[in-house]
Amino acid sequence: TKRITQHVETVVIGGGQAGLAMGYYLAQHDHSFVILDAGSRVGNAWRNRWDSLRLFIPAGLSSLPGMPFPAANTYFPTKDEMADYLEAYSDQFDLPVQLDTTVESLIRNGDRYVLDAGTQRIAADHVVVATGPYHHPNVPRFAPGLAPSITQLHSSEYQSPDQLPKGDVLVVGAGNSGAEIAIELAADRCVWLSGQNTGHLPQWDSDDLPRWLFWFDGCLFEWLFSDLLTVDTWVGRKLKARGKDGGDPLIRLTPEDLQQAGVKRVPRVKGVVDGTPRLNNGRRLDVAAVIWATGFRQDFSWIEVPGLSRDDDGSPIHDRGVVEDEPGLYFLGLPFQRSLLSATLVGVGADARYLATQIQTRTDADETD
Ligand code: FAD
């Protein structure tokens, strides 16, 4: 049997942007904590994304609390620049990130949590799960029916066009990832993009981005999107429901960009017939490759605590990141956790600040008892 090797007041699981923002606020209290991350280097979630990826939100609105992203407000950082920024952030605040540490299980033992990570068994009073919203590729059940001659990749496996054989490509899923990959591939081949047109947010691709967005370090923006559009407001709840039903609108890109790149839009893929993809309108497409830009499934099956309930799709039930029936357990970085921007760089800081206050309140109450 393993013995507890360490006790810390708070363990943060995951050292991506969410875990680091949490660390920033925890460090402001007299409180012991550690951030455990499975990766070998801070920022790897960003580094591992496809080669040409740039952020869809400009630098002026892509900073974590306490350290502005080092670029002009209107610049769209590359994925490696964002990864390096996160690494510099962790160094700047001397955050206690322990790398190469995968948490395999989380259970409750009396008043405390117990986490297993390799040879370590750690006890904690509070646990913040910040493992990211994007765990396992979500691929339709009919995908294995495609002919073996068709190359299939999920967007998380896509790096660059030269991974694909010559020939037409079908990109399934018309959200931001699908649209960006489709445009890149359309430079020298025929690309079909399947999925509903979900509209787009105002285009931010020029130097004359509205200056007011950045007013006072983005605080106006933060108020608009992180305070006004929360699960507590009517408009926030409406937007959340819309995103869930119809998919998110395109950001930075527009349907015109797709058209100009020569991407051909087609309806949803309904299934597979004789090894080829079949669309909702009955048409079959003869393609050399399929890219599944169909999102991700969350997997929190390694958390086995009695007070945590889950939705039908396995996502945890919580109130703004606080699991009410499981005192001391928190989630951070989930889509629309507290606001429209909870799963983005600009929104996660406010959510982390909120959770740090909750943890502090709980600690104070325990000390009073
Ligand atoms: P992650 O970055 O996924 O970090 C989670 C960390 O947890 C990882 O380091 C991982 O190693 C670790 N981990 C996971 N499981 C365990 C475990 N069991 N034990 C220990 N460690 C574990 N947002 C924006 O604001 N702007 C953008 O332009 C933008 N573009 C995006 C483009 C793509 C293609 C995607 C998929 C997302 C994009 N996002 C963007 C959304 C979001 O900002 C990113 O997904 C971001 O990486 C989420 O940060 P996170 O810290 O919540 O999770």
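Position labels on residues start from 1 in each chain and follow its written sequence. Local features in this predicted model are restricted to residues of pLDDT 70 or higher, and side-chain atom pairs are both shown and tallied only at a pLDDT of 80 or more, whereas totals for entire chains, interfaces and linings draw on every residue.

**Some words on unusual backbone geometry**
Formally: By the criteria applied, helices consist of DSSP H or I runs no shorter than four residues and strands consist of E runs no shorter than two, each listed in order from the N terminus.
Although it is not a glycine, D274 sits at a positive phi angle of roughly 45 degrees. Note that D274 resides in the loop between strand 12 (269-273) and strand 13 (276-279). Even without a glycine there, the phi angle at F336 is positive, about 50 degrees.

**Some thoughts on the site of the ligand**
This is how it is decided: Contact assignment follows one rule, namely that a residue is near a molecule or strand if its backbone-placed C-beta atom lies within 6 Å of it. Three classes are used: nonpolar for Ala, Val, Leu, Ile, Met, Phe, Trp, Tyr, Cys and Pro, charged for Asp, Glu, Lys and Arg, and polar for all others, with Gly counted as polar.
Looking at the ligand, there are 29 residues lining it, with G14, G16, G132, G333 and T344 nearest. The set of elements that each furnish at least two residues to the shell around the ligand consists of helix 1 (17-26) and helix 2 (44-47). Examining the composition of the shell around the ligand, we find that three residues originate from one element, helix 1, more than from any other. Looking at side-chain class alone, the shell around the ligand contains 13 nonpolar, 14 polar and two charged residues.

**Some points on the packing of helix 1 against helix 8 (residues 345-368)**
Formally: Fitted lines through C-alpha atoms give the axes, limited to the stretch in contact for helices. The angle between two N-to-C directions lies from 0 to 180 degrees. When an angle is under 35 degrees it counts as roughly parallel; over 145 it counts as roughly antiparallel; between 65 and 115 it counts as roughly perpendicular; any other value is oblique. The crossing is said to be left-handed when, going from far helix to near helix, the turn is anticlockwise and less than a right angle, and right-handed when the turn is clockwise. Two residues form a contact once the distance between their C-beta atoms, set from the backbone, is within 7 Å.
Their axes nearest at 8 Å, the elements helix 1 and helix 8 cross at an angle of 45 degrees. Looking at the two axes, helix 1 sits oblique to helix 8. As helix 1 packs across helix 8, the resulting crossing turns out to be right-handed. Mapping the contact onto sequence places Q17, A18, A21, M22, Y25 and L26 in helix 1 and L345, V348, G349, A352, R353, L355 and A356 in helix 8.

**Things to note about the pairing of strand 12**
Heads up, the rule is: Note on pairing: DSSP must find at least two bridges between two strands before they are called paired.
Looking at chain direction, strand 12 and strand 13 are connected through four bridges and run antiparallel. Each residue of the ladder has a partner; that of G271, found in strand 13, is R278. The hairpin formed by strand 12 and strand 13 contains two residues between the paired strands, and D274 there has a positive phi angle of roughly 45 degrees.

**A short note on the sheet that holds strand 8 (residues 151-154)**
Working definition: the strands of a sheet are paired by backbone hydrogen bonds and lie parallel or antiparallel to each other. Taken in spatial order, the five strands make up an open sheet running 8-14-9-10-11, and their pairing is parallel. Unpaired on one side and paired on the other, strand 8 and strand 11 (264-266) mark the two borders of the sheet. Between one strand axis and the next, the sheet turns by 20 degrees as a mean value, whatever way the strands run. Note: strand 10 (residues 191-194) against strand 11, three bridges, orientation parallel. Opposite W192, over in strand 11, you have K264 as the bridge partner. This element, helix 4 (residues 176-185), spans strand 9 (169-172), strand 10 and strand 14 (289-292) of the sheet and lies at about 170 degrees to strand 10.

**Remarks on the pairing of strand 10**
A regular strand carries its side chains on alternate faces of the sheet. Put simply, the rule reads: Here a residue counts as buried when 20 or more other C-beta atoms fall within 10 Å of its C-beta, as exposed when 12 or fewer do, and as partly exposed in between; the C-beta atoms come from the backbone. With its strands directed away from the observer, a crossover is right-handed exactly when the path from the first strand over the helix to the second travels clockwise.
Burial along strand 10 is two-sided: V191 and L193 and W192 and S194, pointing in opposite directions, are all buried. Note: strand 9 against strand 10, four bridges, orientation parallel. Across the sheet, the residue bridging to V172 is S194, located in strand 10. Regarding topology, helix 4 serves as the crossover connection from strand 9 to the parallel strand 10, and that connection is right-handed.

**Some words on the nonpolar core**
Note the cut-off: Here, a nonpolar core means buried Ala, Val, Leu, Ile, Met, Phe, Trp, Tyr and Cys residues linked by C-beta atoms lying within 7 Å of one another.
By size, the foremost hydrophobic cluster in this structure holds 60 residues, and its most contacted members are V11, M22, V127, V128, L332, A352 and L355. For this core, the leading source of residues is helix 8, giving nine residues. With residues up to four places along the chain from it excluded, the contact list for M22 reads V12, V128, A130, L332, A352 and L355. I181, A182, V191 and L253 belong to the second-largest nonpolar core, a separate cluster that totals 28 residues.

**Considering helix 3 (residues 79-92)**
Let me state the cut-off plainly: A helix is expected to span 1.5 Å for every residue after the first. Arc, as used here, means the arc of the directions from the helix axis to the C-beta atoms.
Compared with an ideal rise of 1.5 Å per residue, which puts 14 residues at 20 Å, helix 3 spans 20 Å between its outermost C-alpha atoms and is within 8% of the ideal. Considered for burial, the residues of helix 3 that qualify are M82, A83, Y85, L86, Y89 and S90. Buried residues in helix 3, looked at end-on, bunch into an arc of 160 degrees, giving them a common side. When the buried face of helix 3 is taken as reference, the exposed residues oriented beyond 90 degrees from it are D91 and Q92.

**Focus on helix 8**
With 24 residues, helix 8 extends 36 Å between its outermost C-alpha atoms, agreeing within 8% with the 34 Å of an ideal straight helix rising 1.5 Å per residue. Residues of helix 8 that are buried: L345, V346, G347, V348, G349, A350, D351, A352, Y354, L355, A356 and I359.

**Describing the confidence of the model for the protein**
Where we set the bar: Residue-level confidence of the predictor, termed pLDDT, takes values from 0 up to 100.
Overall, the predicted model of the protein reaches an average pLDDT of 89, with 88% of residues at or above 70. Predicted complex, confidence summary: ipTM 0.99, pTM 0.92.

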